[in-house]
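# Inside the fold
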Amino acid sequence: MQSVELLLDAATDATVRAEWAALSTAGLPSQADHRGETNAPHVSVAVAGAFPGAAEELLAAVAAGIPVPVRLGAPVLFGGRRVVVARLVVTDRALLDLHTAVWSAVAGAADPSPHTVPGRWVPHVTLARGIPAEEVATALGTLGRERGGVPEMVGEAVSLRRWDSDARRAWTV
């Protein structure tokens, strides 16, 4: 799989990492458990089996429009018996325009993820994967205790990153 991701400014990144740590300290699955050097809070903008060769140059033009404001809103849950807990990214015109520009740059991508294509994108920052359904309330309570509720975070997406899961490699566009 290939992806195009937005990385967050240092303060927002640190706040998300604090939420990862709180979940981990509570004995829950957390993105903090993933020790790979490329593991970072991010917003997936496009995910596909492969991107066309011309995408890199076109993505560089998109990256020139960054930074863009990013608002992380309430927790959102994906899944069933095993749940992904994430922070919803509140969209605005600048973020939607960037999303459209990224998909224009990767037009013709093979096997695109339906969760990132225009019109179906659910932008989010993952906090944890694989939380048992019966532990979701504990996870949400942990996040709320960490910061006196789960307030909105306002920051910026400061760079565009590419990720190649086959090569286990990430690079800034």
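Quick summary incoming for the structure in this document. (Residues numbered from 1 in each chain as written. Predicted model: local features only at pLDDT ≥ 70, side-chain atom pairs only at ≥ 80, totals over all residues. Heavy atoms only, no water.)

### Thoughts on the side chain of N39
This is how it is decided: Only DSSP runs of H or I with at least four residues qualify as helices, and only runs of E with at least two residues qualify as strands; both kinds are numbered from the N terminus onward. In protein, a polar contact requires one atom able to donate a hydrogen and another able to accept it; more generally it is a pair of N or O atoms within 3.5 Å, and residues adjacent in sequence count only if both atoms are side-chain atoms. Residue contacts are counted whenever heavy atoms from the two residues lie within 4.5 Å of one another.
With respect to the helices and strands, the residue N39 is situated in the loop between helix 1 (10-25) and strand 2 (42-48). At a separation of 2.8 Å, a polar atom in the side chain of N39 contacts the main-chain carbonyl oxygen of H34. Ignoring sequence-local partners within four residues, the contact set of N39 consists of R17, W20, Q31 and H34.

### A closer look at helix 2 (residues 55-63)
Worth spelling out the cut-off: Only protein chains enter the accessibility calculation, which uses a 1.4 Å probe; a residue whose area is less than 20% of its type maximum is buried, one above 50% is exposed, and one in between is partly exposed. Note: the arc covers the axis-to-C-beta directions of the helix.
Among the residues of helix 2, A55, L59, V62 and A63 are the ones counted as buried. The buried residues of helix 2 all sit within an arc of 95 degrees when viewed along its axis, so they share a single face. Exposed and oriented more than 90 degrees from the buried face of helix 2 are E57 and A61. Contacts from the buried residues of helix 2 go to strand 1 (2-8), helix 3 (93-105) and strand 6 (153-164).

### Concerning the pattern of salt bridges
Here is the rule we go by: Within this document, salt bridges are pairs made up of a side-chain nitrogen of Lys or Arg and a carboxyl oxygen of Asp or Glu, the two lying within 4 Å of each other.
Under the counting rule described, the total for this entry stands at six salt bridges. Here E152 and R71 are joined by a salt bridge, their closest N and O atoms 3.0 Å apart. Here E152, found in the loop between helix 4 (136-146) and strand 6, pairs with R71, found in strand 3 (residues 68-79); they are 81 residues apart in sequence, far enough to count as distant. Under the relative-accessibility criterion, R71 is labelled partly exposed at 35%. Between R93 and D97 there is a salt bridge; the shortest N-O distance is 3.2 Å. On the criterion of helical spacing, the pair formed by R93 and D97 is a turn pair, its members being four residues apart in helix 3.

### So, the pairing of strand 4 (residues 82-90)
Cut-off, in case you're wondering: At least two DSSP bridges between two strands are needed for those strands to be called paired.
Pairing analysis gives seven bridges linking strand 3 to strand 4, with the strands arranged antiparallel. For V76, the partnering residue across the bridge sits in strand 4 and is A86. Connecting the antiparallel pair strand 3 and strand 4 is a turn made up of two residues. One ladder, built from six bridges, connects strand 4 with strand 5 (residues 124-132); its direction is antiparallel.

### Considerations on the pairing of strand 3
Judged from the five bridges that link them, strand 3 and strand 6 form a sheet pairing that is antiparallel. From the neighbouring strand, L72 faces strand 6, where its bridge partner is M153.

### Here we look at the side chain of S113
Of note, S113 is situated in the loop between helix 3 and strand 5. If we ignore the near neighbours within four places in the chain, the residues touching S113 are V47 and A48.

### Concerning helix 3
For an α-helix, the turn length of 3.6 residues means that residues three or four places apart are oriented alike. Worth spelling out the cut-off: Multiplying 1.5 Å by the residue count of a helix minus one yields the expected span of that helix.
For helix 3, with 13 residues, the first-to-last C-alpha span of 18 Å sits near the 18 Å given by 1.5 Å per residue. All of the buried residues in helix 3 are L95, L98, H99, V102, W103 and A105. For helix 3, the angular spread of the buried residues around the axis is 155 degrees, confining them to a single face. When the buried face of helix 3 is taken as reference, the exposed residues oriented beyond 90 degrees from it are R93 and S104. Along its buried surface, helix 3 packs onto strand 1, strand 2, helix 2, strand 3, strand 4 and strand 6. Structurally, the start of helix 3 carries an N-cap: the backbone nitrogen of A94 is 3.3 Å from a side-chain oxygen of D92.

### Quick look at the layout of surface pockets
The condition that has to hold: Space inside and on the surface of the protein is sampled on a 1 Å grid over the protein atoms alone, with a cavity defined as a set of points where a 1.4 Å probe fits but cannot get out and a pocket as an open set with protein on both sides within 12 Å along at least 5 of 7 lines; lining residues have an atom within 4 Å of a point. Grid points are joined across faces, edges and corners, and a volume is the space filled by probe spheres set on the points. We call Asp, Glu, Lys and Arg charged. Ala, Val, Leu, Ile, Met, Phe, Trp, Tyr, Cys and Pro are nonpolar, and the rest, Gly among them, are polar.
One number sums up the size of the largest pocket: a volume of about 870 Å³. Lining the largest pocket we find 31 residues, and of these E5, H42, S44, T126 and R129 sit closest to its centre. Residue assignment for the lining of the largest pocket shows that the elements contributing at least two residues are strand 1, strand 2, strand 5 and strand 6. Residue composition of the lining of the largest pocket, grouped by class: 11 nonpolar, 15 polar and five charged.

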